[in-house]
Amino acid sequence: MNAALDVQGLTTRFATRGDAVTAVNDVSFTVQKGRILGLVGESGSGKSVTGFSIMGLIDAPGEVAAGKVMVDGQDLRALSDEDMRKMRGNRVAMVFQDPMMTLNPVLRVGDQMAMAVRVHRKMSKAAALKEAQRALETVGIPSPEERLRAYPHQLSGGMRQRVAIAMALLHRPSVIIADEATTALDVSIQGQILAEVRDLADQTGAAIVWITHDLGVVSSLADDICVMYAGRIVERGTAQQVIDHPRHPYTQGLLDSIPALHEPGKHLPQIPGSTPQLSRLPQGCPFRPRCPRATEICATVPPADTKDGQTVLCHHPLE
Amino acid sequence: MFGYLVGRLSQAVVVVFVMSVIVFVGVYAIGNPIDVMIDPGATAEIRENLIRKYGLDQPLWRQYFTFVGNVFQGDLGNSMVYNIPVTSLVFSRLPATIELVMVSVTIAAVIGIPAGLYAGYRPNSLGAKLIMALSVLGFSVPTFWIGMLLIMAFAVELGWLPSGGRGEVAEFLWFKTSLATTNGWSHVIMPAINLSLFKMGLLIRLTRAGMVEAMGAEYVRFARAQGLADRQIVFSHILRNISIPVITVFGLELGSTLAFAVVTETVFNWPGVGKLIIDSILQLDRPVMVSYLVMVVILFVAINLIVDLIYARLDPRVRLKGGS
């Protein structure tokens, strides 16, 4: 059986003045039906661009240069623009970070949702609104009929993000990509939504890619975790493996800097330095300048994938 | 909503009052209309009589209050030049200006808005660059010069269109308009195009700016992620968002064109109110100037009010509140 989402060797470049910047570099992962993959990394690691590349929403000067994006065994990159448009929102859906900005401020929630329904299914507007109402019920919005008549600014942030998630669910997509979908919300609302997303994945069988910078969020939500750094996946494994036994020094650093997992009264460790500029990546391992375990070889030879269950892109992985 | 209207109307009253004082004092300072009207050879006695007849011997404040008192009785005074009531003078000229302005703003909107949408949708295309270059010409080349070029080309050289004046009028619904006759259209089309160029350039740039901004907005990305086609995104999502600044400018332009289509009306010898006000200023026809400018203020207040009401319909976040 095919995986719901199978990404192979995805590479996305942005043409800048001078040479092209590779924002996503040879990224591969698979997500089975009903599973949740956490895609983790700092800002600038290429995780959002990965999401947009899957959706086929990379605009010039960017371009998906190589790789395959298979959804239910069908390669999205082989589709024409028009066929790809028919896939979006239908087989692959996406939820964005900022619920304040993703809904059109001047249109009623119901009108926006009905539009999203009717773009893929021929039906009357009244029927589309019924459909929208059902979707709002699924994500636990009280009195959905009333909400359909509301404008986005009349809803709270959490409510808006639920609307956005409901819109992603409208056509029962095989794949949902959630880009920092709870980052802008209160912690308590975030917890509720995460629990609902977990339920949705179980019930609808959708494969979910949860993009976040917050390892704490994915540790409770995801089945599998991919850690991205400078456009590459540097570590991959089941959530338990990655959280309990991180092997890449970068993952270790991320875990150490989560306040909740840290002993009180001590200095919170942090990873020194910041994400490198993609246009000026160091030779060898891109993480080397910030890595406590770096040796001479790291400065010259880029690390290769070691494929022994838990993949790590490192010369000196932790045991 | 009611409180809002009351607030706006009381504001309008204050604006009209202040404006009338400024205009009155300003016009008083320009010069004595008697000097322009009267034959230089007339006797001092005739001169004195005339001055007394128009009340020009009174102090300024008394002249002003006499004027205000008459206005409250519905009398804006008589033109010193034509010796007919100012209201009937203005209303006899108004239809010509209204038809000219309506044709020109329609041309500006019908061409300018789609052109701006396209230029914002494909900002790097050749067509967009051409549109932007032309829009710069549209509002930087002087109106009178383009007007004269149009006359040179279409009236003098080609002889296709008349060089000026208003065409035959015919009854349409309740009023007489030259837009009801072919001859009328042949007269109105050239000045209307001339008058529309500035507005068209403005609308193009405004629409384009809104479009470029909207194309990068999150809600547009989200709409694309739902599989909506670009055409639907532009017409269902973006157009409404960018119409707010466009309508503001459109309203202001409509008002100022109605009031001051002076240059075009002069070049094309169009018998509208713009030409009337210029003639009255030259002849120091004080009642016409004052009354006309007060009417212009009322016109602007009305247009701004309508624009605000349209806002509230277009953008649900706008709340119309009383006072402020």
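Residues numbered from 1 in each chain as written. Chains lettered and ligands numbered in written order. Predicted model: local features only at pLDDT ≥ 70, side-chain atom pairs only at ≥ 80, totals over all residues. Heavy atoms only, no water.

Caption draft 1: Up close: the packing of aromatic side chains. Taken as a whole and assessed by the stated rule, the structure comprises 11 aromatic pairs over all chains. Arranged with centres 5.1 Å apart and planes meeting at 80°, the rings of tyrosine 229 of chain A and phenylalanine 287 of chain A form a pair that is edge-to-face. Within this pair, whereas tyrosine 229 of chain A is found in strand S9 (residues 224-229), its partner phenylalanine 287 of chain A is found in the loop between helix H11 (249-256) and helix H12 (296-300), the two being separated by 58 residues in sequence. Note on accessibility: tyrosine 229 of chain A and phenylalanine 287 of chain A belong to one class, buried. Aromatic ring contacts, followed pair by pair, group Phe24, Tyr64, Phe65 and Phe67 of chain B into a single cluster. (Phe/Tyr/Trp six-rings, centres within 6.5 Å; stacked < 30°, edge-to-face > 60°. Helix = DSSP H or I, 4+ residues; strand = E, 2+ residues; numbered from the N terminus. Buried < 20%, exposed > 50% of the residue type's maximum accessible area, 1.4 Å probe, protein only.)

Caption draft 2: The arrangement of the environment of leucine 278 of chain A in detail. Residues and elements named next belong to chain A. Inspection of the secondary structure assignment puts leucine 278 in the loop between H11 and H12. The exposure class assigned to leucine 278 is partly exposed, which follows from its relative accessible area of 23%. Taking the C-alpha atoms as reference points, leucine 278 and alanine 230, 48 residues apart in sequence, are found 6.6 Å from one another. Residues in contact with leucine 278, not counting those within four places in the same chain, are Val21, Thr22, Ala23, Gly44 and Ala230. (Contact = heavy atoms within 4.5 Å.)

Caption draft 3: Geometry of the sheet that holds strand S2 (residues 20-31) of chain A. All names here are of chain A. Judged by pairing direction, the sheet is antiparallel, and its four strands sit side by side in the order S2-S1-S4-S5 without closing on themselves. On the outer flanks of this sheet lie S2 and strand S5 (74-75), each paired with one strand and no other. Alignment of strand S1 (residues 5-15) against strand S4 (residues 62-71), held across eight bridges, turns out to be antiparallel. Note on S4: the bridge partner recorded for threonine 12 is valine 64. In this fold helix H1 (residues 47-55) packs onto S1, S2 and S4, with an angle of close to 110° to the strand it touches most, S1. (Pairing = 2+ DSSP bridges. Axes fitted to C-alpha atoms, helices over the stretch in contact; angles between N-to-C directions.)

Caption draft 4: Representation of the interface of chain B and chain A in the model. Counting residues at the interface gives 20 residues for chain B, matched by 27 residues for chain A. Across the chain B/chain A interface, buried area totals approximately 2,200 Å², and carbon plus sulfur atoms make up 62% of it. When the buried area of chain B at its contact with chain A is split by residue, Phe222, Arg224 and Gln226 of chain B rank highest and sum to 27% of it. Counting across the chain B and chain A interface gives one salt bridge. (Buried area = accessible area lost by both parts, 1.4 Å probe. Salt bridge = Lys/Arg side-chain N within 4 Å of Asp/Glu carboxyl O.)

Caption draft 5: Inspection of unusual backbone geometry at higher detail. The backbone phi angle of arginine 172 of chain A is positive, close to 45°, even though this residue is not glycine. With respect to the helices and strands, arginine 172 of chain A occurs in the loop between helix H7 (157-169) and strand S7 (175-179). The phi angle at asparagine 83 of chain B is positive, at roughly 55°, despite the residue not being glycine. By the secondary structure assignment, asparagine 83 of chain B is in the loop between helix H4 (60-72) and helix H5 (86-121). With a relative accessible area of 52%, asparagine 83 of chain B lands in the exposed category.

Caption draft 6: Layout of the packing of H5 of chain B against helix H6 (residues 126-140) of chain B. Residues and elements named next belong to chain B. Axis separation between H5 and H6 bottoms out at 8 Å; the angle between their running directions is 130°. In terms of orientation, H5 and H6 fall into the oblique class. For H5 against H6, the interelement crossing comes out left-handed. For the pair H5 and H6, the contacting residues are Ala115, Tyr118 and Ala119 in the first and Gly127, Ala128, Ile131 and Met132 in the second. In the contact of H5 with H6, the residues fall into six nonpolar, one polar and no charged. (Parallel < 35°, antiparallel > 145°, perpendicular 65-115°, else oblique. Left-handed = near helix turned anticlockwise from the far one by under 90°. Nonpolar A, V, L, I, M, F, W, Y, C, P; charged D, E, K, R; others polar.)

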